[in-house]
Amino acid sequence: MRQKFYQYIESLQDTICNALEQVDGKQKFVQDLWTRQQGGGGRTRVLEDGAVFEKAGVNISKVYGPLPKAMESYFGVKEVDFFACGLSLVLHPRNPMTPTVHANWRYFEMYDKNGEVLKSWFGGGQDLTPYYLFEQDAIHFHQVCKKACDNHDPDFYGLFKEQCDSYFWNAHRDEARGIGGLFFDRLEQTPQKSMSQWYDFVTEVGDSFLDAYLPIVERTKDLPYTQDNSNWHQIRRGRYVEFNLVHDKGTLFGLKTNGRIESILMSLPPVVQWVYDHQVIAGSKEDDLLQVLRKPKDWASFAKKELI
């Protein structure tokens, strides 16, 4: 399974990078191959200063070896080996009207000293972080996520959407990082689901990513904006940074497993502002976004109501 999934993310990285280069039309991804001393390595690809994307990172990695002591206590195990591989991407568009997007699809195995697999699971998801709220874009993103889920289980979308809203919550700000999407972890073999069935689900979500995001980019990338819009864009990017450095478990795992710092922190935007005690005008477009971030919305049900 680990080889099968790694081959999948290798191909998906190529597909996504090629599509993003076509949309950007100015810059290409720069590739950085790296190795991890304790075992493994990765293929980092970053596009910077593009016409559409100010910064875009699409990385794959596979790392393995003894599980670091700091992670042994986290998982409640002692002296085990591990293997982890995944694709992680963060895209920061230049236009404030175009949302940032994050996605990650990963596979993990844990072994005893005889090399027997003790645990294995999939994780991942995809979520959208707008700076100005366009309801049709939120509905579209969630509709694509729901369709991918419904093809495997009608309960998946509601469950993984709720987990996304809960996970990407900036607790110290009491607001969501964005408008959500899907988040799932510890998808293990059960009497109801085999690892092959979980593989089919996770890869369908991965394959749905471009359909979920690129139509939003095409619709918004050339919309006009002001310097005030750019300032708000950079202030909200600061909230994104705060989440990644304070709460994100993927960042924590990478740092505690001697991961490659440049690849881990590629998720951070190039230009950010922290303005002391920044306030928005009640009823403004900026306030519209904040209202949704303080109380996550059921975009799939909202879409159904709009169609009636």
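Above this text you will find the structure in question.
Residues numbered from 1 in each chain as written. Predicted model: local features only at pLDDT ≥ 70, side-chain atom pairs only at ≥ 80, totals over all residues. Heavy atoms only, no water.

1. Examining the sheet that holds strand 1 (residues 30-35)
Line of reasoning, step 1. Taken together, seven strands build an open sheet; the order of strands is 1-2-3-4-5-6-9 and the sheet is antiparallel. This sheet does not close on itself; its edge strands, each paired only once, are strand 1 and strand 9 (180-187). Between one strand axis and the next, the sheet turns through 5 degrees on average, direction left out of account.
Line of reasoning, step 2. Pairing analysis gives six bridges linking strand 6 (residues 117-129) to strand 9, with the strands arranged antiparallel. Its bridge partner being in strand 9, Asp127 is matched across the sheet by Gly181.
Line of reasoning, step 3. Across the sheet, helix 1 (residues 2-24) lies against strand 2 (40-48), strand 3 (53-66), strand 4 (81-93), strand 5 (100-111) and strand 6, angled at about 170 degrees from strand 3, the strand it touches most.
Line of reasoning, step 4. Across the sheet, helix 6 (residues 227-246) lies against strand 3, strand 4, strand 5 and strand 6, angled at about 170 degrees from strand 4, the strand it touches most. (Pairing = 2+ DSSP bridges. Helix = DSSP H or I, 4+ residues; strand = E, 2+ residues; numbered from the N terminus. Axes fitted to C-alpha atoms, helices over the stretch in contact; angles between N-to-C directions. Contact = heavy atoms within 4.5 Å.)

2. Digging into the pairing of strand 1
Line of reasoning, step 1. Bridging between strand 1 and strand 2 involves six bridges; their strand directions are antiparallel. From the neighbouring strand, Val30 faces strand 2, where its bridge partner is Val46.
Line of reasoning, step 2. Here strand 1 folds back onto strand 2 in antiparallel fashion, the turn holding four residues, of which Gly39 has a positive phi close to 140 degrees.

3. Some words on the packing of aromatic side chains
Line of reasoning, step 1. All told, the structure shown has 25 aromatic pairs when counted by the stated rule.
Line of reasoning, step 2. Here Phe82 and Phe108 contribute two aromatic rings whose centre-to-centre distance is 6.0 Å and whose plane-to-plane angle is 20 degrees, an arrangement assigned as stacked. Of the two residues, Phe82 is situated in strand 4 and Phe108 in strand 5; the sequence distance between them amounts to 26 residues.
Line of reasoning, step 3. For the pair Tyr167 and Phe243, a centre-to-centre distance of 5.8 Å together with 75 degrees between the ring planes defines the contact as edge-to-face. Remark: Phe243 occurs in helix 6 and Tyr167 occurs in helix 4 (residues 156-167); sequence separation between them is 76 residues. Of the two residues, Tyr167 and Phe243, both sit in the buried class.
Line of reasoning, step 4. Among the aromatic side chains, those forming a connected cluster through ring pairs are Phe5, Tyr8, Tyr107, Phe122 and Tyr199.
Line of reasoning, step 5. We note Lys4 situated over the ring of Tyr199; from NZ or CZ to the ring centre the distance is 4.3 Å.
Line of reasoning, step 6. Its guanidinium or amino end placed over the ring of Tyr6, Lys62 lies 4.5 Å from that ring's centre, counting from NZ or CZ. (Phe/Tyr/Trp six-rings, centres within 6.5 Å; stacked < 30°, edge-to-face > 60°. Buried < 20%, exposed > 50% of the residue type's maximum accessible area, 1.4 Å probe, protein only. Lys NZ or Arg CZ within 6 Å of the ring centre and 35° of its normal.)

4. A few points about the packing of helix 3 (residues 135-150) against helix 4
Line of reasoning, step 1. Between helix 3 and helix 4, the least distance of the axes is 8 Å, while the angle of their chain directions is 130 degrees. The orientation of helix 3 with respect to helix 4, classified from their angle, is oblique. Here His142, Cys145, Lys146, Cys149 and Asp150 of helix 3 lie close against helix 4, whose contacting residues are Phe156, Tyr157 and Lys161. (Parallel < 35°, antiparallel > 145°, perpendicular 65-115°, else oblique.)

5. Description of the environment of Trp299
Line of reasoning, step 1. Tracing the backbone shows Trp299 in helix 10 (residues 299-307).
Line of reasoning, step 2. In this structure, the C-alpha to C-alpha distance between Trp299 and Tyr74, residues 225 residues apart in sequence, is 34 Å.

6. A word on unusual backbone geometry
Line of reasoning, step 1. One non-glycine residue, Asp49, lies in the positive phi region at around 55 degrees.
Line of reasoning, step 2. Here Asp49 shows up in the loop between strand 2 and strand 3.
Line of reasoning, step 3. At Asp277, a position not held by glycine, the phi torsion is positive, near 50 degrees.
Line of reasoning, step 4. Within the secondary structure, Asp277 is located in the loop between helix 8 (261-264) and helix 9 (285-294).

7. Thoughts on the pattern of salt bridges
Line of reasoning, step 1. For the coordinates displayed, the defined rule picks out 18 salt bridges.
Line of reasoning, step 2. Close ionic contact of Arg177 with Asp127 constitutes a salt bridge, the shortest N to O distance being 2.9 Å. With Arg177 in the loop between strand 8 (175-176) and strand 9 and Asp127 in strand 6, the pair connects residues that are 50 residues apart, well separated along the chain. A single burial state applies to Arg177 and to Asp127, both of which are buried.
Line of reasoning, step 3. Across the salt bridge formed by Arg236 and Glu175, the nearest N and O atoms sit 2.9 Å from each other. Of this pair, Arg236 sits in helix 6 while Glu175 sits in strand 8, and the two are 61 residues apart along the sequence.
Line of reasoning, step 4. When its relative accessible area of 6% is taken as the criterion, Arg236 is described as buried.
Line of reasoning, step 5. In the salt-bridge network here, residues are joined through shared partners; they are Asp14, Arg43 and Arg45. (Salt bridge = Lys/Arg side-chain N within 4 Å of Asp/Glu carboxyl O.)

8. Considering the side chain of Glu72
Line of reasoning, step 1. Here Glu72 lies in helix 2 (residues 69-75).
Line of reasoning, step 2. Looking at Glu72, the relative accessible area reads 9%, which means it is buried.
Line of reasoning, step 3. Separated by 3.0 Å, the side chain of Glu72 and the backbone nitrogen of Glu79 make a polar contact.
Line of reasoning, step 4. What Glu72 contacts, discounting residues up to four positions off in sequence, is Leu67, Val77, Lys78, Glu79 and Val80. (Polar contact = N/O pair within 3.5 Å; in protein donor to acceptor, adjacent residues only side chain to side chain.)

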